[in-house]
Amino acid sequence: MSSEKVFQKVLVFNITRGIDSTGAASVKRGLDKGNLQIAVAKELGHPFNLFDITRKEEQDWSDVMSGTSRALLGHCRSSTRGKSSRSNAHPFWISNIIGTHNGTLNYA
């Protein structure tokens, strides 16, 4: 089974955490040695929404899964604080940090 199919299945199984939003990120080695390429895609609702939506102006599932990834990160969110929106979906990408969490984080 391909790594894309395994990753898709894991995201679908992860809906037990919540289905308010789903997101995925990949880290790929860039053309220049040491240069990393990052792709993050997020959608409201079930993981199938993430798999099925194509975006022209923003990254989507195909961008996350294209090429060879050095790392994959996925998250299904149940909103505990803040509204359910694509901007509140995980993974979050702040500066050079990509991550997910359970609960509430406060940062400046």
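Residues numbered from 1 in each chain as written. Predicted model: local features only at pLDDT ≥ 70, side-chain atom pairs only at ≥ 80, totals over all residues. Heavy atoms only, no water.

Thoughts on the overall build of the protein
- Per the secondary structure count, the protein includes 3 helices and 5 strands.
- Going residue by residue from the N terminus, the α and β elements of the protein occur as α-β-β-α-α-β-β-β.
- A burial count over the protein gives 32% of its 108 residues as buried.
- Here the analysis covers contacts within the protein between residues at least 6 apart in sequence; of these, 61% occur between residues at least 24 apart.
- For the protein, the accessible area works out to roughly 7,000 Å², and carbon and sulfur atoms hold 51% of it. (Helix = DSSP H or I, 4+ residues; strand = E, 2+ residues; numbered from the N terminus. Buried < 20%, exposed > 50% of the residue type's maximum accessible area, 1.4 Å probe, protein only. Contact = heavy atoms within 4.5 Å. Areas by Shrake-Rupley, 256 points an atom, 1.4 Å probe, with all protein chains shown as cover.)

Overview of the confidence of the model for the protein
- Within the protein, residue pLDDT values average 82, and 90% of them lie at 70 or more.
- The spread of mean pLDDT over the elements of the protein runs between strand S4 (residues 92-94), the lowest at 80, and helix H2 (residues 47-52), the highest at 92. (pLDDT = per-residue confidence, 0-100.)

Focus on the sheet that holds strand S3 (residues 69-77)
- Spatially, 3 strands are ordered S2-S1-S3 in an open sheet, and the strand pairing comes out antiparallel. Taken across any chain shown, the strands that pair with only one partner, and hence form the sheet edges, are strand S2 (36-44) and S3. On average, each strand axis in the sheet is tilted by 10° relative to the strand beside it, whichever way the strands run.
- Sheet strands in contact with helix H1 (residues 3-13) are strand S1 (21-29) and S3, and its direction is about 20° off that of S3. (Pairing = 2+ DSSP bridges. Axes fitted to C-alpha atoms, helices over the stretch in contact; angles between N-to-C directions.)

Section: the packing of aromatic side chains
- A complete count under the given rule lists 3 aromatic pairs for this structure.
- Judged by centre distance (5.7 Å) and plane angle (5°), the rings of Phe-7 and Trp-61 are stacked. Here Trp-61 lies in helix H3 (residues 61-65) and Phe-7 lies in helix H1, a separation of 54 residues in the sequence. The exposure classification of Phe-7 matches that of Trp-61, with both residues buried.
- A centroid spacing of 5.7 Å and a plane angle of 90° characterise the contact between Phe-48 and Phe-51, whose relative ring orientation is edge-to-face. Taken together, the positions of Phe-48 and Phe-51, both in helix H2 and 3 residues apart, correspond to about one turn of that helix. (Phe/Tyr/Trp six-rings, centres within 6.5 Å; stacked < 30°, edge-to-face > 60°.)

Description of the pattern of salt bridges
- Applying the stated criterion across every chain, the model contains 1 salt bridge.
- Close ionic contact of Glu-43 with Arg-55 constitutes a salt bridge, the shortest N to O distance being 2.7 Å. With a gap of 12 residues between them, Glu-43 in strand S2 and Arg-55 in the loop between H2 and H3 connect regions that are remote in the sequence. (Salt bridge = Lys/Arg side-chain N within 4 Å of Asp/Glu carboxyl O.)

Side note on a nonpolar patch on the surface
- On the surface, Met-1, Val-6 and Val-10 cluster together into a nonpolar patch covering about 310 Å² of accessible area.
- In this structure, Val-10 sits in helix H1. (Patch = residues over 30% accessible without salt bridge, like charges linked within 9 Å, V, L, I, M, F, W, Y side chains within 5 Å.)

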